[in-house]
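Examination of the molecular architecture
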Amino acid sequence: MLEASRVFSDYVRSSRDTKAPVIPRIDELDLTIPEKDGIGTAGIWDDIQTICGAATNTWSERFLYKLYASPTPIGVVGEALIGLLNNNAHVFQASPIGALIEDRVGRQLAELARFPVGTAAGLTFPGGSYSNMHALMVARNRRFPELKRSGFTGAMARGEWRRPMIFTSAHAHYSIEKAAVAAGIGLDNVVSVPTDADGRMDSHALRMLVEKALADGGAPFFVNATAGTTVLGAFDPIDEIAAVCADHGLWLHVDASWGGPLALFSSDDRFGGYRVDRADSFTVNPHKLMGVPLQCSFLLMRDGLAPMREALGLGASYLFHGGSPNVLDDVGDATMGCGRRPDAIKLWLAWRYYGTEYFRRRLANARRLALDFADMVSTRPPTALGHWRLAAAPQSTCVCFWFVPSQLGAHPTPQPSWGDATRLLCTRLNYLGHVLVDYATVDLPAGSLPTFFRLPLNSPHVTKETLASVLCAIEQTAKALLDEDPRCFDADKS
Ligand SMILES: Cc1ncc(COP(=O)(O)O)c(C=O)c1O
């Protein structure tokens, strides 16, 4: 244990070093598994150090890659505690403390979402995709109760078949489509609702599409609104979407996997509109903006766990015995799984340790930094190497931009060649390993944006200096690429 604590602290110290690579080289690793005797304590710490040295370094402030970053130290303690206890959160007796904490944290988050106090509840799932999938399955079985027993074929055989349809914005995360695949809805029955110029769902288009689906004999039943889209960080207009759902009796799910903490904790009105009791279910991933170690995702249900139990429960008697004095019995039966990690412990510990105010400050800082960074990009002076352009105003904490090499001219509108340059620069930067950044593209009503850099700002370790150094690194990489091949960015390069 002492050795673990020493190795882990050394790892954090060295990973935070400004010279530490974000992606180490992993050329020569010995990953063989011993056929007979294991290496024991004599060798295992070397192995652990090898893994640390070869791991992607999320502790660096130059890890600006996906929608998570380094965990908080108390989060790491929580993760270790879960491993130590090895409690299973499927039935109450297997983890009474895990069940009580999960219930407490779920209700607290639900309260922040302004769901009805005393009724609403939440469960953890291994990631936002699974939370979204469970929301869809519960909505589906509530709308088509016979499904649980007879599947879609039952309704078909009775000649009562109507095409089940779900609606989500063109910018929603793919997990909604995956959920439709898993739930037997099928991709053809996922209606992609166009967005406005900021990437927010067009609620007027939603209304028209729902009404058309009904007129065509379909059975719309579920709308997903995203709070913090994966690329632009857009917040779909929840009030207008809720009105469409209310008018047509549709289940309203909010995928707030990414932007949920802003919606729940931030005092900024831009996000606070998401505290609504009109949604039926709400996904939030504390493992993204809140620094809880992967995985920690909550699905909050306005009407509590009963609809989940009804939709998905089977009551296998060899596992689920019931009988404990509270409603937290057998929560595993309300999910599509069996064994469950008590992931809520990690969030509870962090919340107890830091208090609510810490999360408010952390989120406000991330938002302020995103605005400052956008400003930095749009006002950065052009050089002989090229100029900078914002791809979109930051709507939450992601900043999207281009570096346009001078060879590509000074077009007023984005060009496809800007996308090629972004991919080339990003690939080289990440290969060098000193920073890890990402790129993306989106379709907007005016057309697709060429691939742009997308930097999510969610680590409290990132500063304006870090971000300025990333911009310098992009310019230096452009220079290095041009030194190797002066035509590397040319639009007509075959
Ligand atoms: C909006 C949104 N929803 C869902 C997910 C999926 O979450 P997870 O990776 O935890 O499955 C993501 C992941 O980035 C996301 O951005």
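Computed from a prediction, not measured in an experiment: that's the story for all the values here. (Residues numbered from 1 in each chain as written. Predicted model: local features only at pLDDT ≥ 70, side-chain atom pairs only at ≥ 80, totals over all residues. Heavy atoms only, no water.)

Attention now moves to the environment of alanine 391. Along the polypeptide, alanine 391 turns up in strand β9 (residues 386-392). Between the C-alpha atom of alanine 391 and that of alanine 113, which follows or precedes it by 278 residues, the distance is 31 Å. Setting aside its immediate chain neighbours within four residues, alanine 391 contacts Cys400, Phe401, Trp402, Leu449 and Phe452. (Helix = DSSP H or I, 4+ residues; strand = E, 2+ residues; numbered from the N terminus. Contact = heavy atoms within 4.5 Å.)

This part takes up the pattern of salt bridges. Within the structure shown, the criterion is met by 26 salt bridges. The partner of arginine 200 in a salt bridge is aspartate 196, with the nearest N and O atoms 3.5 Å apart. We classify arginine 200 as partly exposed; its relative accessible area is 29%. Look at aspartate 196 and you get partly exposed, because its relative accessible area is 26%. (Salt bridge = Lys/Arg side-chain N within 4 Å of Asp/Glu carboxyl O. Buried < 20%, exposed > 50% of the residue type's maximum accessible area, 1.4 Å probe, protein only.)

To continue, consider the sheet that holds strand β2 (residues 121-125). Taken together, the seven strands give an open sheet; going across it, the order is β2-β8-β7-β6-β5-β3-β4, and neighbouring strands pair in mixed fashion. At either end of the open sheet lies a strand with only one pairing partner, and these are β2 and β4 (190-193). Sheet twist, expressed as the average angle between the axes of neighbouring strands with direction ignored, equals 20°. Relative to β4, strand β3 (residues 164-169) runs parallel, the two sharing four bridges. Residue pairing across strands places phenylalanine 167 opposite valine 191, the latter belonging to β4. (Pairing = 2+ DSSP bridges. Axes fitted to C-alpha atoms, helices over the stretch in contact; angles between N-to-C directions.)

Relative to the elements of secondary structure, aspartate 236 occurs in the loop between β5 (219-226) and α9 (238-248). Side-chain polar atoms of aspartate 236 contact the backbone nitrogen of threonine 226, separated by 2.8 Å. Excluding anything up to four places from it in sequence, aspartate 236 contacts Ser169, Gly199, Arg200, Met201, Asn224, Ala225, Thr226, Ile241 and Tyr274. (Polar contact = N/O pair within 3.5 Å; in protein donor to acceptor, adjacent residues only side chain to side chain.)

Before going further, it helps to examine the packing of aromatic side chains. Summed over the entire model, instances satisfying the criterion amount to 18 aromatic pairs. For the ring pair phenylalanine 144 and phenylalanine 152, a centre distance of 6.4 Å and an interplane angle of 70° mean the geometry is edge-to-face. The residues phenylalanine 144 and phenylalanine 152 share a single accessibility class, namely buried. Centre to centre, the rings of tryptophan 388 and phenylalanine 403 are 4.7 Å apart; their planes meet at 55°, and the pair counts as tilted. Of this pair, tryptophan 388 sits in strand β9 while phenylalanine 403 sits in strand β10 (residues 398-405), and the two are 15 residues apart along the sequence. Phenylalanine 403 carries the same exposure label as tryptophan 388, and that label is buried. Taken together through their ring pairs, the aromatic side chains of Phe265, Trp351, Tyr353, Tyr354, Tyr358 and Phe359 make up a single cluster. The residue whose ring lies beneath lysine 66 is tyrosine 65, and the NZ or CZ to ring-centre distance is 4.3 Å. (Phe/Tyr/Trp six-rings, centres within 6.5 Å; stacked < 30°, edge-to-face > 60°. Lys NZ or Arg CZ within 6 Å of the ring centre and 35° of its normal.)

So, about a nonpolar patch on the surface. The grouping of Met1, Leu84 and Leu85 at the surface amounts to a nonpolar patch, some 380 Å² of accessible area in total. You can see leucine 84 is positioned in helix α3 (residues 73-85). Judged by relative accessible area, leucine 84 falls into the exposed class, the value being 62%. (Patch = residues over 30% accessible without salt bridge, like charges linked within 9 Å, V, L, I, M, F, W, Y side chains within 5 Å. Areas by Shrake-Rupley, 256 points an atom, 1.4 Å probe, with all protein chains shown as cover.)

Attention now moves to the site of the ligand. Around the ligand sit 14 residues, and of these Gly128, Ser129, Thr230, Asp255 and Asn285 come closest. Histidine 287 is positioned with one of its side-chain polar atoms (N or O) 3.3 Å from an oxygen atom of the ligand. In the complex, 85% of the free accessible area of the ligand, which totals 390 Å², lies under the protein chains. Ranked by residue count, the leading element in the shell around the ligand is helix α5 (residues 128-143), at three residues. (Near = heavy atom within 4 Å.)

Note that an α-helix has 3.6 residues per turn; residues three or four places apart therefore point the same way. For helix α8 (residues 203-215), spanning 13 residues, the distance from its first C-alpha to its last is 18 Å, which sits close to the expected 18 Å at 1.5 Å a residue. With a side-chain oxygen lying 3.0 Å from the backbone nitrogen of histidine 204, the N-terminal cap of α8 falls on aspartate 202. Looking one or two residues past α8, glycine 217 carries a phi angle of roughly 90°, positive in sign. (Expected span 1.5 Å × (residues − 1).)

Leu109, Phe167, Leu206, Val223, Leu252, Phe282 and Leu347 are the most contacted members of the largest nonpolar core, which has 59 residues in total. When residues of this core are assigned to their parent elements, the largest contribution, six residues, is made by helix α13 (residues 344-354). For leucine 206, the residues in contact, after removing those within four places along its chain, are Phe167, Val193, Met201, Val223, Ile241 and Val244. Judged by nonpolar contacts, the second largest core, of 44 residues, contains Met376, Ala440, Phe452 and Leu457. (Core = buried A, V, L, I, M, F, W, Y, C linked by side-chain atoms within 4.5 Å.)

Okay, unusual backbone geometry next. Across the junction of leucine 294 and glutamine 295, the peptide omega takes the value -10°, indicating a cis bond. Mapped onto the elements of the fold, glutamine 295 is located in the loop between β7 (281-284) and β8 (297-301). One non-glycine residue with positive phi stands out, namely asparagine 86, at about 50°. For asparagine 86, the location among the structural elements is in the loop between α3 and α4 (96-112). What makes asparagine 86 exposed here is its relative accessible area of 65%. We note that arginine 114 has phi near 65°; this positive angle belongs to a residue other than glycine.

What follows covers the domain arrangement of the protein chain. The assigned domain composition of the protein chain is domain 1 (2-55), domain 2 (82-357) and domain 3 (360-484). Facing the 26 residues of domain 2 at the interface are 22 residues of domain 3. Carbon and sulfur atoms make up 57% of the area that domain 2 and domain 3 hide from each other, which totals about 2,100 Å². For the domain 2 face of the interface with domain 3, the top three residues by lost area are Val231, Leu232 and Glu357, together amounting to 30%. Remark: the boundary between domain 2 and domain 3 carries one salt bridge. Two residues, arginine 360 and glutamate 357, come together in a salt bridge whose shortest N-O distance is 3.0 Å. At the surface where domain 2 touches domain 3, the tally comes to 10 residue pairs in polar contact (both at pLDDT 80 or more). When residues of the side of domain 2 that touches domain 3 are traced back to their parent elements, those giving at least two are α10 (260-265), α11 (269-272) and α14 (356-379). Among the elements that take part in the side of domain 2 that touches domain 3, α10 stands out by supplying three residues, more than any other. Of the residues in the side of domain 2 that touches domain 3, the class split is 12 nonpolar, seven polar and seven charged. (Domains from an automatic or database assignment. Buried area = accessible area lost by both parts, 1.4 Å probe. Nonpolar A, V, L, I, M, F, W, Y, C, P; charged D, E, K, R; others polar.)

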